[in-house]
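# Results of the structural survey
So you can see what is in the structure, the chains are spelled out below.
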Amino acid sequence: LGGRVAVFRRLLKITGLWGPAHAAFFRLQVAENTVRLAGWPGEFEGFRLLHLADLHADLAPEIIEIVAGRVATMNYDAVVFTGDHVDRVGSGAAR
């Protein structure tokens, strides 16, 4: 991992916050929101969008399987990935 990530991880361990921070990383948050937009075609009524953000897959590659298991039973029409997929360009998870 990059130097900054390693330093941050070490600081979390020194302060005793590594355990809670690591556990929080794997605690996926799911929120359901209804958005109504005036003028949108009726074909989009009930359209369900799955938004995945900030996976940071190079920090913990197992997050991909955790997310896949979590969304497997969800009903959605399209998926949008935003935020940080990986922490550094060229990491194995980016390939």
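These notes cover the structure that comes with them.

With that settled, the discussion passes to a nonpolar patch on the surface. A grouping of V35, L37, W40, F44, F47, L49 and V80 is seen on the molecular surface, where their side chains present a nonpolar patch of about 700 Å² in accessible area. Its location among the elements puts W40 in the loop between α2 (18–25) and β1 (49–53).

The next thing to look at is the pairing of β1. On β1, burial follows the alternation: L50 and L52 on one face are buried, whereas L49, H51 and A53 on the facing-out side are not. Chirality of the crossover, the property in question, places the unit of β1, helix α3 (residues 63–71) and strand β2 (residues 78–82) among those that are right-handed.

Given a rise of 1.5 Å per residue, 13 residues ought to cover 18 Å, and the 18 Å separating the end C-alpha atoms of helix α1 (residues 3–15) matches this to within 8%. G16 sits one or two positions beyond α1 and adopts a positive phi of about 80°.

Below, the discussion takes up the pairing of β2. Here five bridges tie β1 to β2, and the two strands are oriented parallel to one another. Bridge pairing in β2 links L50 to V79.

Rules behind the numbers
Here, residues in each chain are numbered from 1, in the same order as that chain's written sequence. pLDDT decides what is reported in this predicted model: residues at 70 or higher carry local features, side-chain atom pairs at 80 or more are listed and counted, and totals for whole chains, interfaces and linings draw on all residues regardless. Neither water nor hydrogens contribute to the side-chain values; these are computed over all heavy atoms in the structure. A patch is a set of surface residues, each over 30% in relative accessible area and not in a salt bridge, joined within 9 Å for like charges and within 5 Å for the nonpolar side chains Val, Leu, Ile, Met, Phe, Trp and Tyr. In this description, accessible areas are obtained by the Shrake-Rupley approach with a 1.4 Å probe, and a residue is regarded as covered only by the protein chains that are shown. By salt bridge we mean one thing: a side-chain nitrogen of Lys or Arg within 4 Å of a carboxyl oxygen of Asp or Glu. A run of H or I in DSSP counts as a helix once it spans at least four residues, and a run of E counts as a strand once it spans at least two, with each numbered from the N terminus. Relative accessibility under 20% of the residue-type maximum defines a buried residue, over 50% an exposed one, and the middle range a partly exposed one, all with a 1.4 Å probe and only protein chains included. By the criterion used throughout, a crossover qualifies as right-handed when its path from the first strand across the helix to the second strand runs clockwise, the strands pointing away from the viewer. Helix span is expected to be 1.5 Å times the residue number reduced by one. Pairing between strands requires that DSSP locate at least two bridges from one strand to the other.

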